[in-house]
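Residue strings, one per chain:
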Amino acid sequence: MKIGKLLRETRLVAGLTQTEMAAGAISESFYSKVE
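- Per an unreviewed UniProt entry, the chain goes by the name Conserved domain protein and belongs to Lactobacillus helveticus CIRM-BIA 953.

1. Quick look at the overall build of the chain
Now for step 1: Across its full length, the chain carries three helices and zero strands.
Now for step 2: When the elements of the chain are put in sequence order from the N terminus, they spell out α-α-α.
Now for step 3: Judged by the C-alpha coordinates and their principal axes, the chain covers about 25 × 20 × 10 Å.
Now for step 4: Burial statistics for the chain: of 35 residues in total, 11% are counted as buried.

2. Some details on the pattern of salt bridges
Now for step 1: Evaluated as defined, the whole model comprises one salt bridge.
Now for step 2: Two residues, Arg 11 and Glu 35, come together in a salt bridge whose shortest N-O distance is 2.7 Å. Of the two residues, Arg 11 sits in helix α1 (residues 3-14) while Glu 35 sits in the segment after α3 (28-34), which places them 24 residues apart along the sequence.
Now for step 3: Overall, the relative accessible area of 9% leaves Arg 11 in the buried class.

3. Observations concerning the environment of Lys 2
Now for step 1: Following the sequence through the fold, Lys 2 ends up in the segment before α1.
Now for step 2: Taking the C-alpha atoms as reference points, Lys 2 and Ile 26, separated by 24 residues in sequence, lie 19 Å from one another.

4. Things to note about α1
Now for step 1: For α1, spanning 12 residues, the distance from its first C-alpha to its last is 16 Å, which sits close to the expected 16 Å at 1.5 Å a residue.
Now for step 2: Where α1 terminates, the next one or two residues include Gly 15, which has phi positive at roughly 75 degrees.

Conventions we followed
- Residues numbered from 1 in each chain as written.
- Predicted model: local features only at pLDDT ≥ 70, side-chain atom pairs only at ≥ 80, totals over all residues.
- Heavy atoms only, no water.
- Helix = DSSP H or I, 4+ residues; strand = E, 2+ residues; numbered from the N terminus.
- Buried < 20%, exposed > 50% of the residue type's maximum accessible area, 1.4 Å probe, protein only.
- Salt bridge = Lys/Arg side-chain N within 4 Å of Asp/Glu carboxyl O.
- Expected span 1.5 Å × (residues − 1).

Laid out in structure tokens, this is it:
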């Protein structure tokens with residue numbers, strides 16, 4: 001499984017947006033590209 005798919009599945013199960021998942025640790029645009 002690729003990291004992007006795992007991140008997306010984890011985020012959706014947690015009910016979070018990409019912005020909430022990035023949580024100030026990384027930029028939302030970078031997180032979006034990884035996912």
